[in-house]
Amino acid sequence: MSGPSDFQPSNPALKWIERRLPIFGLIHSSFVAYPTPRNLNYWWTFGAILSMMLALQILTGVILAMHYTPHADLAFKSVELIVRDVNYGWLLRNMHACGASMFFFAVYIHMFRGLYYGSYKEPREVLWILGVIIYLLMMATGFMGYVLPWGQMSFWGATVITNLFSAVPYFGESIVTLLWGGYSVGNPTLNRFFSLHYLLPFVIAGVVVLHVWALHVAGQNNPAGVEAKTEKDTVAFTPYATIKDMFGVSCFLIFFAWFIFYMPNYLGDADNYIPANPGVTPAHIVPEWYYLPFYAILRSIPNKLAGVVAMFSAIIILCFLPWLDSARTRSSKYRPLAKQFFWIFVVVCILLGYLGSQPPEGIYVIAGRILTVCYFAYFLIVLPLLARIETPRPVPNSIADDVLAKSKGRAATAASVMLAMVVAGSLLVGGTQNAKAEEGGNAPPAQKWSFSGPFGTYDRGSLQRGLKVYKEVCAACHGLSYVAFRNLADPGGPGYSPAQAAAFASEYKIKDGPNDQGEMFERPGRPADYFPSPFPNEQAARAANGGAAPPDLSLITKARSYKRGFPQFAIDFFTQYQEQGPDYVDAILQGFEDKAPAGVTIPEGSYYNKYFPGHAIKMPKPLSDGQVTFDDGSPATVKQYAHDVTTFLMWAAEPHMEERKRIGMQVFFFLVVFAFLMYFTKRKVWANAH
Ligand code: HEC
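The structure presented is a predicted model; accordingly, all values stated were derived computationally and were not measured.

Novice: Mind laying out the overall build of the protein chain, listing which residues take part and the relevant values?
Specialist: What the protein chain contains, in helices and strands, is 25 helices and six strands. In summary, the protein chain has a C-alpha radius of gyration of 29 Å against a globular reference of 26 Å for 690 residues, a match within 12%. Principal-axis analysis of the C-alpha atoms places the extent of the protein chain at approximately 85 × 65 × 50 Å. Here the protein chain holds 690 residues, and 38% of them are scored as buried. Here the contacts in the protein chain between residues at least 6 apart in sequence split such that 75% fall between residues at least 24 apart.

Written as structure tokens, this is what we have:
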């Protein structure tokens, strides 16, 4: 991609092809001989990281699509079945879902890198604009992908965002109807989103090719911001840049693996484990973290149309950056004022993200408006003005000079920048968590669980006792429809043998049919059957329970969460605390009180529960001491029942957890060793280049 190459393969077969299609020459000149500035730092490895992420998303996505069903009645279930029954389906799903977040994380670093070092300036304007187009396509793809699991947040996120288009004058309603394929978000919406979600990544890949082509025409920018002039300024892409990228990629994969194997739901929303329900609006509709700054800009403007225009302008304005910032010095390293404003801008973006996760009320609205003004002021006032008034420090004559003058303070700066980003990033996601706070409930006490932490496993005894509690108590009202009897004999489960699971199944009566006479009949359960639900349909469940249908418990420990707040949330990332769901379920079961505290009135047919949001729950106190007898001598107390049934429900929601953690440990070990090898290889390769 950088002009004609005189590369000639030596193998006769390759030579034959090369004469007809000079593809090896192209590859050689683009990725082997290609001259790379020798002063690139690690921020430049994010290009390679992003290429890998795109490939990974496409690969995992294509396999997931083989098992996914894009239908409003089946989508949620098909995703659950992927996770439970497809070989390594849980891994594919975690890689793809966490991968989307990591992809955005990497693209943000890549973009801020470009901003800091002036990579958008002449002659790289088209390269930069292609990047903005890729980013826009990524946002569309990510948004539509989030809709596919058809959970509550999928559905309501889609509703809120598609509704924005109704603000367009005159055509608004028609556009929205077209997007929906109907008069509300529904099955046609899901179908078209799936189709486009499958298509857009390939469009992204196409624009990426253009992006890389433009890069190879202009050549890479570098931290000094001076163009490469002589051969002394550059090194060959392979092995120098390749090995450095490999090291960057392996470090990134370690970070990525932490989420995949240990915190798969850390960045997700508990509400998305509740199947989409058009009749129930979640308390807070929050987009994924990577959209939050723009969501904040949207909401800080009271007029809907103006808000939508501002939100899109916030992205489109990036296209005009090369002309808004006309300073001749590229790199902010040599622009003391631009450097300060750059960091202020980063903080503004992060704070906007935080506000995007908060309810739009009171002080948050005012702060949102101020920060929105700051955001646009950076592009429209600060950058044009700085170009005029700032006197930059002298830039090095050449890249080779820059390498020689390498300052000693570099490692320290890099470390402090990293630290600032981690703190700021956790503030942002911490905010997201805040917004999911359960209103009006007490925070459930944190329990000790055998399955917490990187080495946690399920306590078999507890699983077996929990199954008994479920069967004898909860099953009267609650279904467990994603768990099959055969699962009781799966590795990492309650530890029954297949024969025991079959015997357990045969105690149930399962409705089957029609038979040859066309009649439905009942037969004993088989291992392949799923736990039967106590009510034939939701209406019946509702009618029998004072108007509130008891939720299916298969996913309940993942579908409930509670607020952790900012500092705690950041600490959770390192301690891997993720048992909000089990803590909550355990607390609900023990949180019933005979008498509501003074001043609290509980409506007829509801019961007072300390931990239930709003405190009035339609479930009568299900457990009391002595209700279930255990064969193993465990105490017959509510506390014990609650603990065991919650453990059992955690397993029901996450049957592959032990496998996930075990494989995670192996992957971690591999990646750390691999990263070390890459690092030392890189040192060796670069030893003669400095
Ligand atoms: C008599 C019927 C009945 C029994 C028995 C019962 N539940 Fe419930 N449960 C309900 C109903 C009804 C609701 C819905 C409450 C509401 O939304 O107000 C509910 C809700 C729940 C919730 C969700 C609370 C929330 O945050 O929305 C959990 C968790 C739960 N039950 C667990 C259990 C467990 C575990 C057992 C067995 C120990 C059990 N239930 C036994 C009727 C029952």
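Novice: Describe the UniProt feature "binding site: heme c" (unreviewed entry) in the protein chain, listing the residues and the values that go with them.
Specialist: Per the UniProt annotation, the sites labelled "binding site: heme c" (unreviewed entry) are Cys474, Cys477, His478 and Met619. Separation in sequence by 146 residues is not matched in space for these annotated residues, since their most distant C-alpha atoms are only 10.6 Å apart. Structurally, Cys474 is set in the loop between α18 (460-472) and α19 (498-506). You can call Cys474 buried: it has 23 C-beta atoms within 10 Å. The contacts of Cys474, once residues within four sequence positions are left out, are Val469, Leu553, Pro622 and Val645. On the basis of neighbour count, His478 is assigned to the buried category, with 24 C-beta atoms found within 10 Å. Sequence-distant contacts of His478, that is, excluding residues within four places in its chain, are made with Pro550, Pro551, Asp552 and Leu553.

Novice: Any details on the UniProt feature "domain: Cytochrome b/b6 N-terminal region profile" (unreviewed entry) in the protein chain? Residues and values, ideally.
Specialist: UniProt's feature table lists "domain: Cytochrome b/b6 N-terminal region profile" (unreviewed entry) at residues 13-224, given in the numbering used throughout. Across residues 13-224, helical content stands at 73% and strand content at 1%; the span's end C-alpha atoms are separated by 44 Å.

Novice: For unusual backbone geometry, give the residues involved together with the corresponding values.
Specialist: The linkage connecting Glu122 with the following residue, Pro123, adopts the cis geometry, with an omega of 5°. Examined against the element boundaries, Pro123 turns out to sit in the loop between α5 (89-116) and α6 (125-147). Backbone torsion omega between Thr238 and Pro239 reads 10°, so that peptide bond is classified as cis. As for its placement among the helices and strands, Pro239 is situated in helix α10 (residues 237-262). Phi is positive for Trp150, close to 55°, though the residue is something other than glycine. Residue position: Trp150 is located in the loop between α6 and α7 (152-164). Backbone geometry at Gln576 places phi at a positive 60°, although glycine is not the residue there. Since 16 C-beta atoms lie within 10 Å of it, Gln576 is described here as partly exposed.

Novice: Explain the nonpolar core to me, and be specific about the residues and the numbers.
Specialist: In terms of nonpolar packing, the biggest core is built from 78 residues, with Cys98, Ala106, Phe256, Ile297 and Leu352 touching the most fellow members. If near-sequence neighbours (up to four positions away) are discounted, Leu352 is found in contact with Pro293, Ala296, Ile297, Leu371 and Tyr375. In this structure, Leu553, Tyr562, Ala587 and Met650 belong to the second largest nonpolar core, which totals 42 residues.

Novice: For the site of the ligand, give the residues involved together with the corresponding values.
Specialist: Taken together, the neighbourhood of the ligand is formed by 22 residues, with Cys474, Cys477, Lys618, Met619 and Pro622 sitting nearest. A total of three residues in the shell around the ligand trace back to one element, the largest contributor, which is helix α23 (residues 580-590).

Novice: Requested: an account of the packing of helix α4 (residues 75-85) against α5, with residues and values cited.
Specialist: The interhelical angle for the contact between α4 and α5, taken along N-to-C directions, is 120°, at an axis separation of 5 Å. One way to sum up the angle between α4 and α5 is to call them oblique. In this structure, α4 uses Ile82, Val83 and Asp85 to contact α5, whose residues at the interface are Gly89, Trp90 and Arg93. A breakdown of the residues in the contact of α4 with α5 according to their chemical character gives three nonpolar, one polar and two charged.

Novice: Would you mind going over the packing of α23 against helix α24 (residues 638-653) in detail, with residue names and values included?
Specialist: Taken N-terminus to C-terminus, the directions of α23 and α24 make an angle of 145°; their axes are 9 Å apart at the nearest point. Crossing hand, α23 versus α24: right-handed. Residues Pro582, Val585, Asp586, Leu589 and Gln590 of α23 pack against Val638, Lys639, Ala642, His643, Thr646, Leu649 and Met650 of α24. A class-by-class count of the residues in the contact of α23 with α24 yields seven nonpolar, three polar and two charged.

Novice: Which residues make up the environment of Tyr68, and what values do they have?
Specialist: In this fold, Tyr68 is placed in the loop between α3 (46-67) and α4. With 19 C-beta atoms counted inside 10 Å, the residue Tyr68 sits in the partly exposed group. For the pair Tyr68 and Gly99, spaced 31 residues apart in the sequence, the C-alpha separation amounts to 18 Å. The residues contacting Tyr68, other than those within four sequence positions of it, are Ser78, Val79, Ile82 and Leu148.

Novice: Outline the environment of Ile23, listing residues and values.
Specialist: Its location among the elements puts Ile23 in helix α2 (residues 23-31). On the basis of neighbour counts, which here come to 11 C-beta atoms within 10 Å, the residue Ile23 falls in the exposed class. Separated by 572 residues in the primary sequence, Ile23 and Lys595 have C-alpha atoms spaced 79 Å apart.

Conventions used here
- Residues numbered from 1 in each chain as written.
- Predicted model: local features only at pLDDT ≥ 70, side-chain atom pairs only at ≥ 80, totals over all residues.
- Helix = DSSP H or I, 4+ residues; strand = E, 2+ residues; numbered from the N terminus.
- Rg over C-alpha atoms; globule rule 2.2 N^0.38 Å.
- Buried ≥ 20, exposed ≤ 12 C-beta atoms within 10 Å, placed from the backbone.
- Contact = placed C-beta atoms within 7 Å.
- UniProt positions renumbered as here; feature names shortened; annotations may be inferred.
- Core = buried A, V, L, I, M, F, W, Y, C linked by C-beta atoms within 7 Å.
- Near = placed C-beta within 6 Å.
- Axes fitted to C-alpha atoms, helices over the stretch in contact; angles between N-to-C directions.
- Parallel < 35°, antiparallel > 145°, perpendicular 65-115°, else oblique.
- Nonpolar A, V, L, I, M, F, W, Y, C, P; charged D, E, K, R; others polar.
- Left-handed = near helix turned anticlockwise from the far one by under 90°.

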